[in-house]
Amino acid sequence: MDVKMKPQSLVMVIFGASGDLTRRKLIPALYLLYKHNRLPENFAILGVARTAFTDDEFRERIHLQLLRFVKPEDVNEEKIRSFVSLINYFPMDPADPDEYLRLQPRLLKLDQMIGNGENYIYYLATPPSLYGVIPQYLKNVGLNLSKGPKGNKRIIVEKPFGYDLESALELNNIYYKDAFREDQIFRIDHYLGKETVQNILALRFANTVFEPVWNRNYIDYVEVTAVENMGIEQRGGYFDDAGTLRDMVQNHLIQLVALTAMEPPTAFNPDSFRDELAKVYQSLTPLTEKDINQHIIRGQYTASEGRKAYREEKDVAPDSRTETFLAMKLSISNWRWSGVPFYIRTGKQMPTKVSEIVVHFKPTPFPLFNCAERTCPTANLLIIRIQPNEGIVLKFGLKVPGSGFDVKQVAMDFSYSSLGPIPTEDAYARLIEDCILGDSTLFTRSDAVEACWKYFTPVLEYWKNHPESPLYGYPAGTWGPREADMLIQEQNAEWSNPCKNLTNTELYCEL
Ligand SMILES: NC(=O)C1=CN([C@@H]2O[C@H](COP(=O)(O)OP(=O)(O)OC[C@H]3O[C@@H](n4cnc5c(N)ncnc54)[C@H](OP(=O)(O)O)[C@@H]3O)[C@@H](O)[C@H]2O)C=CC1
Ligand SMILES: O=C1O[C@H](COP(=O)(O)O)[C@@H](O)[C@H](O)[C@H]1O
């Protein structure tokens, strides 16, 4: 498999095939690729997990799941049937090294059936505790090595990659020293697979108007929001151990910060692009204890209007101190961003599901005009709506028609839907396809992971060592604790309200 070349044949081995991620994201993504003829000609899936299924039972289950999780317009019964026939199942415990002695011949047999290319992609969709184990056991039976033009082996590892800096370093060492080279490792962060997240790059680097003002001279502060109106669903076991910092902040939110803050890469290739991302992470101003105390607000949802409290969720400790909300102020120590705060927030059980970046430009130096409707639009806003109602809005001041000279804020709206149907919901399909093609641009490199953990690990340690540090309750269905509002009030500002940010599209918000 050369870079950007689709192999003739490929077996995709999914560890954790009976789990939630496989059901909701991976299988629908692979089906979409299949439906659009974007998979290798000879292709098979081998699902692996401990639960006992026969091939037929597993196919039946996948068939039903596809009908449930694929968008109605993508459902094509005939295609689903032929896709499902490519799926096989192998019951084994991935934590048991001896089981790989059985896996190896099974995989080889499947590979021979489809074309004998020995090209395998392993997708680790298991609990993170197995991320370091599986590669070593694959190596024990020789399933790790790429063998020239034939026989490529790649491994996609889900987030969180590590639990803190030490474990991330350890994981990277296991992969390099024992099992896989960096070019075989694809650390996935599905936010980078989102069309609108990639479009941050196009907005910044395919236009000249933004770049001259994209710095500390013109930007006052930046907000990054990624909130959800659902709780933790059935993932209490995982989430109670992870918390929001590990689940959303250390990966998705910080990626959005980095894409907003990065320098233009010298070329759009995996190395140049990822060099620039890594530089942002390395420039994050280290957090002191005072910062952690004053600039990080963690919250946990409490029961409200028929919604359960976090502590009542399945598999969550009744006295859990795990955060389901986090807001923080961070800064970047470099030439472009020195002095510009980035405010980020994310949480479960908020009034709506939305991800967006709001760039607040500095106010005009002098207010020349009267303000219409008691709002003084002295500062421009650029809103990059990642999901839903994907779009970009520029807010600016204009004269109110008629006598006098009052100004009011108006909006120039661009909605991605105006480009026609765009694949905004198949981030996983995009990333899996990139891995098949050997393109690692949109996957996280080891230095980036390490730099992120280096930045966030002091926070985790501080919380661990100071169990009394505040964890604020917020009623489920609200925008989080009041203390998060106070955080941004330091800037003489308030969190912008995503329910009101776009003018041409509706966003359902329970307020
Ligand atoms: N679900 C999601 O939306 C997202 C998940 N992720 C990541 O993907 C990974 C999988 O998540 P998810 O699918 O939600 O998790 P689930 O708990 O739903 O699934 C875990 C899977 O791993 C299998 N497994 C194998 N060995 C073990 C073991 N020793 N202990 C427990 N399970 C085992 C389970 O099957 P069996 O019991 O049959 O062996 C099951 O198929 C996690 O690392 C998560 O962080 C990342 C982004 C989003
Ligand atoms: O990785 C994760 O992301 C989802 C949110 O993803 P989105 O694409 O729906 O915005 C989050 O619900 C989950 O807890 C987390 O593990």
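Named according to an unreviewed UniProt entry, the protein chain is Glucose-6-phosphate 1-dehydrogenase originating from Bacteroides sedimenti. Reading the Function (unreviewed entry) entry of the UniProt record for the protein chain gives the comment "Catalyzes the oxidation of glucose 6-phosphate to 6-phosphogluconolactone." Recorded in UniProt under Sequence similarities (unreviewed entry), the annotation for the protein chain is "Belongs to the glucose-6-phosphate dehydrogenase family."

Undergrad: Explain helix α2 (residues 55–69) to me, please; I cannot follow it from the model alone.
TA: An α-helix turns once every 3.6 residues. As a result, residues three or four positions apart point the same way. With 15 residues, α2 extends 21 Å between its outermost C-alpha atoms, agreeing within 8% with the 21 Å of an ideal straight helix rising 1.5 Å per residue. Burial in α2 covers these residues: Phe-58, Arg-59, Arg-61, Ile-62 and Leu-66. Considered in projection along α2, the buried side chains sweep an arc of 165° and stay on one side of the axis. Facing away from the buried side of α2 by more than 90 degrees, the exposed set consists of Asp-56, Glu-57, Leu-64, Leu-67 and Arg-68. Those residues of α2 hidden inside the fold are in contact with α1 (20–35), β2 (42–49), α3 (77–84) and β3 (87–91).

Undergrad: What is the right way to look at the site of ligand 2 in this model?
TA: Taken together, His-190, Glu-228, Asp-247, Met-248 and Ser-355 make up all the residues around ligand 2. A class-by-class count of the residues in the shell around ligand 2 yields 1 nonpolar, 2 polar and 2 charged.

Undergrad: Explain the sheet that holds strand β1 (residues 9–15) here, please?
TA: Strand-to-strand pairing in sheets goes through backbone hydrogen bonds, with the strands running parallel or antiparallel. In spatial order, the strands read β3-β2-β1-β4-β5-β6; together these 6 strands make up an open sheet with parallel pairing. In the strand order of this sheet, the two ends are held by β3 and β6 (185–187), each with one partner. Within the sheet, the average angular offset between the axes of one strand and its neighbour, ignoring direction, is 20°. Relative to strand β4 (residues 120–124), β1 runs parallel, the two sharing 5 bridges. In the sheet register, Met-12 faces β4, and the bridge partner there is Ile-121.

Undergrad: I keep staring at unusual backbone geometry and nothing clicks. Help me out?
TA: Among all residues save glycine, negative phi is the norm, and among peptide bonds the norm is trans. With an omega of -5°, the peptide bond running from Lys-159 to Pro-160 counts as cis. By the secondary structure assignment, Pro-160 is in the loop between β5 (153–157) and α6 (165–179). Here the amide bond leading from Gln-387 into Pro-388 is cis, since omega sits at -15°, within 30 degrees of zero. In this structure, Pro-388 sits in the loop between β13 (381–387) and β14 (391–399). With phi around 55°, Asn-37 is a residue other than glycine that occupies positive phi space. Mapped onto the secondary structure, Asn-37 falls in the loop between α1 and β2. Look at Glu-305: it is not a glycine, yet its phi comes out positive at around 40°.

Undergrad: Please clarify how the domain arrangement of the protein chain should be interpreted in this entry.
TA: As a measure of interface size, the accessible area lost when the parts come together is often cited. Structurally, the protein chain comprises domain 1 (9–188) and domain 2 (192–355 + 419–424 + 445–496). Each of domain 1 and domain 2 has a C-alpha centre, and these two points are 29 Å apart. Contact with domain 1, which involves 14 residues of that partner, is made by 14 residues of domain 2. At 4 residues, the largest contribution of residues to the side of domain 1 that touches domain 2 is made by α6. For the side of domain 1 that touches domain 2, the residue count by class is 7 nonpolar, 2 polar and 5 charged.

Undergrad: Is there a simple way to think about the site of ligand 1 in this case?
TA: Close contacts around ligand 1 come from 20 residues, with Gly-16, Gly-19, Leu-21, Arg-50 and Thr-51 the closest. When grouped by side-chain class, the residues that make up the shell around ligand 1 number 10 nonpolar, 5 polar and 5 charged.

Undergrad: Would you mind showing me how to read the UniProt feature "binding site: substrate" (unreviewed entry) in the protein chain here?
TA: Look at the UniProt record and you will see "binding site: substrate" (unreviewed entry) annotated at His-190, Lys-194, Glu-228, Asp-247, Lys-348 and Lys-353. Structurally, the position occupied by His-190 is in the loop between β6 and α7 (195–205). A count of 20 C-beta atoms within 10 Å places His-190 in the buried class. Judged by the 16 C-beta atoms lying within 10 Å of it, Lys-353 falls in the partly exposed class. Beyond its immediate stretch of four places on either side in the chain, Lys-353 contacts Val-227, Glu-228 and Asn-229.

Undergrad: Before we go on, may I ask you to explain the pairing of strand β11 (residues 354–361) in this structure?
TA: A regular strand places its side chains on the two faces of the sheet in alternate fashion. Counting buried positions along β11 yields 7 of 8 residues, so the element is predominantly enclosed. Across 8 bridges, the pairing between strand β7 (residues 219–227) and β11 is antiparallel. From the neighbouring strand, Ile-219 faces β11, where its bridge partner is Phe-361. Pairing between β11 and β13: 6 bridges, direction antiparallel. Its bridge partner lying in β13, His-360 is registered against Leu-381.

Cut-offs used in this document
- Residues numbered from 1 in each chain as written.
- Chains lettered and ligands numbered in written order.
- Predicted model: local features only at pLDDT ≥ 70, side-chain atom pairs only at ≥ 80, totals over all residues.
- UniProt positions renumbered as here; feature names shortened; annotations may be inferred.
- Helix = DSSP H or I, 4+ residues; strand = E, 2+ residues; numbered from the N terminus.
- Expected span 1.5 Å × (residues − 1).
- Buried ≥ 20, exposed ≤ 12 C-beta atoms within 10 Å, placed from the backbone.
- Arc of directions from axis to C-beta.
- Contact = placed C-beta atoms within 7 Å.
- Near = placed C-beta within 6 Å.
- Nonpolar A, V, L, I, M, F, W, Y, C, P; charged D, E, K, R; others polar.
- Pairing = 2+ DSSP bridges.
- Axes fitted to C-alpha atoms, helices over the stretch in contact; angles between N-to-C directions.
- Domains from an automatic or database assignment.

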